[in-house]
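Each chain, written out:
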Amino acid sequence: MKVLAACGNGMGSSQMIKMKIIKVFKKLQIEVEVDHLSVGEAKSVISSYDMVFVSKSLV
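What this report covers is the structure whose coordinates are included nearby. (Residues numbered from 1 in each chain as written. Predicted model: local features only at pLDDT ≥ 70, side-chain atom pairs only at ≥ 80, totals over all residues. Heavy atoms only, no water.)

## Things to note about the pairing of strand S1 (residues 2–7)
Here S1 lies mainly inside the structure; five of its six residues are buried. With six bridges joining them, S1 and strand S2 (residues 33–38) adopt parallel strand pairing. Bridge assignment links Leu4 to a residue of S2, and that residue is Asp35. Relative to strand S3 (residues 51–54), S1 runs parallel, the two being bridged by four bridges. Opposite Ala5, over in S3, you have Phe53 as the bridge partner. (Buried < 20%, exposed > 50% of the residue type's maximum accessible area, 1.4 Å probe, protein only. Helix = DSSP H or I, 4+ residues; strand = E, 2+ residues; numbered from the N terminus. Pairing = 2+ DSSP bridges.)

Structural data, given as C-alpha cells:
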C-alpha cells in the first residue's frame, strides 16, 4: 500500500504524521510505503497514492 502524509506549511508536520502512520501500520502488520510532502506538492501526485493523511485543520 502506498500512503502519503501531507501538511499545510512545510515538511515538519508531515514527517511527524509519517512516523505515526508507520508505527500504526507496523502494529497492524500491514506493509506500507509512506512518503511525506507539503499539501502544495501533494496536489500534483495525489493520484498515485492509495491513502492520504493530513492534519485535522486541512480536512
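## Comments concerning the packing of aromatic side chains
Within the structure shown, the criterion is met by zero aromatic pairs. The ring of Tyr49 has Lys2 sitting right over it, with the charged end atom 4.9 Å from the ring centre. (Phe/Tyr/Trp six-rings, centres within 6.5 Å; stacked < 30°, edge-to-face > 60°. Lys NZ or Arg CZ within 6 Å of the ring centre and 35° of its normal.)

## Things to note about the sheet that holds S2
Reading across from one edge, S2-S1-S3 is the order of the three strands in this open sheet, with parallel pairing throughout. Bordering the open sheet on either side are S2 and S3, each of which pairs with just one other strand. Going across the sheet, the axis of each strand differs from the next one's by a mean of 25°, ignoring polarity. Relative to the sheet, helix H1 (residues 12–27) contacts S1, S2 and S3, its axis offset from that of S1 by approximately 145°. (Axes fitted to C-alpha atoms, helices over the stretch in contact; angles between N-to-C directions. Contact = heavy atoms within 4.5 Å.)

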